[in-house]
Amino acid sequence: MKHLDIAEALKSQNEGKDAVVCGWVRTFRDSAQVAFLELSDGTSFGKLQIVIDKSALAVDPECTKLGASLCVKGVLVKAYRGEGNELNAKEIHLLGKCPPEYPIQKKRTTLDFLRGIPHLRLRTNTFQAVFRVRSVAAQAIHRYFHTHGYYYINTPLITASDCEGAGEMFRVTTRPWNAAEKSEADYYKNDFFGVKAGLSVSGQLEGEVAATALGKIYTFGPSFRAENSNTKRHLAEFWHVEPEIAFAELPDVIEVAEDLLKYLIRAVLEECPEELKFFDSFVEKGLLEKLNHVVNSDFAVCTYTEAIKILEEKNAQFEFPVHWGSDLQSEHEKYLTEKIFGRPVFVTDYPKEIKSFYMKQNADGKTVAATDLLAPGIGEIIGGSEREADYGKLVAAMDERGMDKSAYAQYLDLRLFGTVPHGGFGLGFERFVMYVTGMENIRDVTLFPRSVKNIM
Ligand code: ATP
Ligand code: MN
């Protein structure tokens, strides 16, 4: 259908010319001589006012119902009130009726209610704004890496390794249950791949393969985690941005992470001003100030050991008191970034026991060159590290954890043949979208969120 996007119609300079627009009815107002329809097509926040001269044009009542879809031909004119244009209707065609059972009514739209109708919630301003921001952010991710000399790599989603031996992987199988098999090994021998396979929790290990040949790479794709927890920041399927950089140490990794985040926030500020104004008014008061502050200030950096010292003084107020060696829980992450630093903070050099086998072992023998970036309101948004590049040390770390080294022979080869210092990080894309929109639940920045007992 030849038509003009409403975003374009609103700012078009072609006043006095004919235009055709399509969209869904948002409001209808009637008076003696004139009627007004507001039409939205999702291309921007703006709704185009359709002005109907009732003496010249009879309107089908179905065209006035909330949610009905229309195609309208008319003449663009400067809006009588406010900015932009409106359309004096000449013809109105009903594309699709919308009966009163339409669930997107003005009064019932809580986020919780909308989660129950994921196929229709995108008709609301909030969700349209979220997904416009998400799209702009995704484009900005590719643009950032492309202009900084990174290659875009696609790593496999089906994998035989589970990245760190954590038991949170979904299994991939084509076999029905079969009582005849005596052992797990027997079962998998007869399975599609002949070994146990699953959905990848991270593209990092394969990313290292590419980085130690191409120099700088990134992946941007889905990761899967069978997280058995129902939090507001975990999904079973999320999008993961994972740069991996050769000839880089932990400070280089931190520099890239900070630069990338600021670039992405700037892109959203520049390209989605209307959306951010909306979120600032209706979702998170002070959002714009927060984002402008973040792009103009340095992120904080603090070692894990320093962080624990700060937190131990407040142990009385935590549900889970901390000591050196504890994993940081969400309450601790929030305290650090919201109460102590008031901005994003890189926590570095964690105890090796609570981090992955592949992280570079520090000289103190106790910590690894890892970093998590914690952000106010969300907690961890990035997890990264310098990788252990020394063959012997990597083998020792795997032995300490009782890992099966034969499953990582290729990964170990990277340390045998021309090993280099390298590192990278994983940014949870949905967590970034939460941060820039102020949306508090990860389910509300994902088209069809998947989590425990939820696959609508
Ligand atoms: P968390 O401690 O929040 O569970 P993690 O330490 O398990 O995260 P990493 O393995 O470091 O996460 O993954 C890198 C990034 O991917 C995280 O910083 C986060 O932004 C994102 N992420 C991890 N797990 C999930 C998930 N289940 N849903 C959405 N995003 C996730
Ligand atoms: Mn992490």
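Residues numbered from 1 in each chain as written. Chains lettered and ligands numbered in written order. Predicted model: local features only at pLDDT ≥ 70, side-chain atom pairs only at ≥ 80, totals over all residues. Heavy atoms only, no water.

Student: Mind showing me how you'd approach the pairing of strand S4 (residues 69–78) here?
Tutor: With respect to burial, S4 is a largely interior element, seven of its 10 residues being buried. By the bridge criterion, seven bridges tie strand S1 (residues 18–30) to S4 in an arrangement that is antiparallel. Bridging across to S4, alanine 19 finds its partner in glycine 74. (Buried < 20%, exposed > 50% of the residue type's maximum accessible area, 1.4 Å probe, protein only. Helix = DSSP H or I, 4+ residues; strand = E, 2+ residues; numbered from the N terminus. Pairing = 2+ DSSP bridges.)

Student: I tried to follow the sheet that holds strand S12 (residues 345–351) on my own but got confused; where do I start?
Tutor: Two pairing modes exist for strands in a sheet, parallel and antiparallel, and in both the strands are linked by backbone hydrogen bonds. With mixed pairing, eight strands are arranged side by side in an open sheet as S6-S9-S10-S15-S14-S13-S12-S11. Both edges of this open sheet fall to strand S6 (151–152) and strand S11 (300–303), since each of them pairs with a single strand only. Pairing of strand S14 (residues 379–386) with strand S15 (residues 422–428) involves five bridges; the strand directions are antiparallel. By the bridge assignment for S15, glycine 383 is matched with glycine 426. Across the sheet, helix H5 (residues 204–214) lies against S6, strand S9 (216–224), strand S10 (237–246) and S15, angled at about 30° from S10, the strand it touches most. (Contact = heavy atoms within 4.5 Å. Axes fitted to C-alpha atoms, helices over the stretch in contact; angles between N-to-C directions.)

Student: Looking at this model, I keep getting lost on the sheet that holds strand S2 (residues 34–40). Mind explaining?
Tutor: Strand order in the closed barrel made by the five strands is S1-S2-S3-S5-S4, with mixed pairing throughout. Across the sheet, the axes of successive neighbouring strands diverge by a mean angle of 55°, strand direction being ignored. Sheet analysis places S2 next to strand S3 (residues 48–53), joined by six bridges and oriented antiparallel. In the strand pairing of S3, phenylalanine 36 is matched with valine 51.

Student: Would you mind going over the domain arrangement of the chain with me for this structure?
Tutor: Frequently, the measure chosen for interface size is the accessible area removed from exposure when the parts meet. When the domains of the chain are assigned, the result is domain 1 (6–102) and domain 2 (121–444). The distance between the C-alpha centroids of domain 1 and domain 2 comes to 46 Å. With nine residues of domain 1 at the interface, the matching set in domain 2 holds nine residues. Summed over both partners, the interface of domain 1 with domain 2 buries about 730 Å², with 46% contributed by carbon and sulfur atoms. Seen at the junction of domain 1 and domain 2, the total is zero salt bridges. Here domain 1 is connected to domain 2 by four residue pairs in polar contact (both at pLDDT 80 or more). (Domains from an automatic or database assignment. Buried area = accessible area lost by both parts, 1.4 Å probe. Salt bridge = Lys/Arg side-chain N within 4 Å of Asp/Glu carboxyl O. Polar contact = N/O pair within 3.5 Å; in protein donor to acceptor, adjacent residues only side chain to side chain.)

Student: When you look at helix H10 (residues 330–341) in this model, what are you seeing that I'm missing?
Tutor: Given 3.6 residues to a turn, an α-helix orients residues that are three or four positions apart in the same direction. Over its 12 residues, H10 runs 15 Å from end to end, which matches the ideal 16 Å to within 8%, given 1.5 Å per residue. Within the sequence span of H10, burial applies to His332, Glu333, Tyr335, Leu336 and Thr337. Turning to H10, the residues buried within the fold contact helix H9 (304–312), S12, strand S13 (367–375) and S14. Phi turns positive one or two residues past the end of H10, at glycine 342, with a value near 65°. (Expected span 1.5 Å × (residues − 1).)

Student: What exactly am I supposed to notice about the site of ligand 1 here?
Tutor: Taken together, 15 residues lie around ligand 1, and Arg225, His234, Glu380, Ile381 and Arg431 are the ones closest in. Within the side chain of histidine 234, an N or O atom sits 2.6 Å from an oxygen atom of ligand 1. The separation between an oxygen atom of ligand 1 and a polar main-chain atom of isoleucine 381 is 2.8 Å. Calculation on ligand 1 without its partners gives an accessible area of 580 Å², and the protein chains cover 83% of this total. Those elements giving two or more residues to the shell around ligand 1 turn out to be S10, S14 and S15. Among the elements that make up the shell around ligand 1, the one with the highest residue count is S14 (four residues). Of the residues that constitute the shell around ligand 1, the class distribution is five nonpolar, five polar and five charged. (Near = heavy atom within 4 Å. Areas by Shrake-Rupley, 256 points an atom, 1.4 Å probe, with all protein chains shown as cover. Nonpolar A, V, L, I, M, F, W, Y, C, P; charged D, E, K, R; others polar.)

Student: Would you explain unusual backbone geometry in this entry?
Tutor: Of note, phenylalanine 247 is a non-glycine position whose phi angle comes to about 60°, a positive value. Turning to its location among the elements, phenylalanine 247 is positioned in the loop between S10 and helix H6 (250–271). When its relative accessible area of 65% is taken as the criterion, phenylalanine 247 is described as exposed. Even without being glycine, lysine 453 reaches a positive phi, approximately 60°. Looking at where lysine 453 falls in the secondary structure, it is placed in the segment after helix H13 (429–437).

Student: Sorry if this is basic, but what is going on with the pattern of salt bridges here?
Tutor: Any two side chains of opposite charge can pair, on the condition that their charged atoms come close. Applying the stated criterion across every chain yields a total of 24 salt bridges. A salt bridge links arginine 387 to glutamate 208, with the nearest nitrogen and oxygen atoms 4.0 Å apart. With arginine 387 in the loop between S14 and helix H11 (391–400) and glutamate 208 in helix H5, the pair connects residues that are 179 residues apart, well separated along the chain. For the residue pair arginine 387 and glutamate 208, the accessibility class agrees, reading buried in each case. Between lysine 334 and glutamate 338 there is a salt bridge, with its nearest N and O atoms 3.5 Å apart. Here lysine 334 and its partner glutamate 338 are both found in helix H10, four residues apart, which amounts to about one turn of the helix. Among the charged side chains, a network of salt bridges with common partners joins Asp112, Arg115, Arg121 and Asp444.

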